[in-house]
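Structural description and commentary
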Amino acid sequence: MLWEKKNTLNDVNSVKAFLYVSVRNKALNTLRHQKVVDEHQREMIQVLQGEDFYKNNLIEEETYRLLLAAIDLLPEPTLQICRMVMNGVRNVDIADELEISTSTVKYHKRQAFAFLREKLGEQVFLLAFLISLFEN
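Source: prediction; values computed, not measured.

The secondary structure content of the chain amounts to six helices and zero strands. Residues classed as buried in the chain amount to 17% of the 136 residues present. Within the chain, contacts between residues at least 6 apart in sequence are counted, and of these 49% link residues at least 24 apart. Summing over all exposed atoms, the chain offers an accessible surface of approximately 10800 Å²; the carbon and sulfur share of this is 58%.

Following this line, the structure appears as structure tokens:
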């Protein structure tokens, strides 16, 4: 900023004054920004400590536990493919690694999803019950 204003600042006193004012304004802006950041952090801490966070986390953990328990009941080849899919491995890569066709991978995926839908269909009432328990 000093370089941009070099033509308007004629003497040492005006340069000195300009630098003092610039530094003061920058410091005040930094303090204002830090105040906003601190307030945002306080709000986030309150949210994370809030009751809803724990309720939602508990429901999510229970759902995940039920899903993993149901996955463990799958037959071995379907289980292996399901775990690979959950880890983000593509059908083609699964087929290459297991030395099977991609249509076989798709078949096992369909079998896994049908099995899980059937198994977890019984648990839907449990999840709804958990949600209703924590609503109160």
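That was the structure; now back to the text.
With that out of the way, let us pick up the environment of V92. As for its placement among the helices and strands, V92 is situated in helix 4 (residues 91-98). The exposure class of V92 is partly exposed, given its relative accessible area of 42%.

One way to put it is that helix 2 (residues 51-71) packs onto helix 5 (residues 102-121) with a least axis distance of 10 Å and a crossing angle of 125 degrees. With respect to each other, helix 2 and helix 5 are oriented oblique. Of the two elements, helix 2 crosses helix 5, and the hand of that crossing is right-handed. Along its contact with helix 2, which presents L66, L67, A70 and I71, the element helix 5 presents F115, L116, K119 and L120.

Scoring rules and cut-offs
- Residues numbered from 1 in each chain as written.
- Predicted model: local features only at pLDDT ≥ 70, side-chain atom pairs only at ≥ 80, totals over all residues.
- Heavy atoms only, no water.
- Helix = DSSP H or I, 4+ residues; strand = E, 2+ residues; numbered from the N terminus.
- Buried < 20%, exposed > 50% of the residue type's maximum accessible area, 1.4 Å probe, protein only.
- Contact = heavy atoms within 4.5 Å.
- Areas by Shrake-Rupley, 256 points an atom, 1.4 Å probe, with all protein chains shown as cover.
- Axes fitted to C-alpha atoms, helices over the stretch in contact; angles between N-to-C directions.
- Parallel < 35°, antiparallel > 145°, perpendicular 65-115°, else oblique.
- Left-handed = near helix turned anticlockwise from the far one by under 90°.

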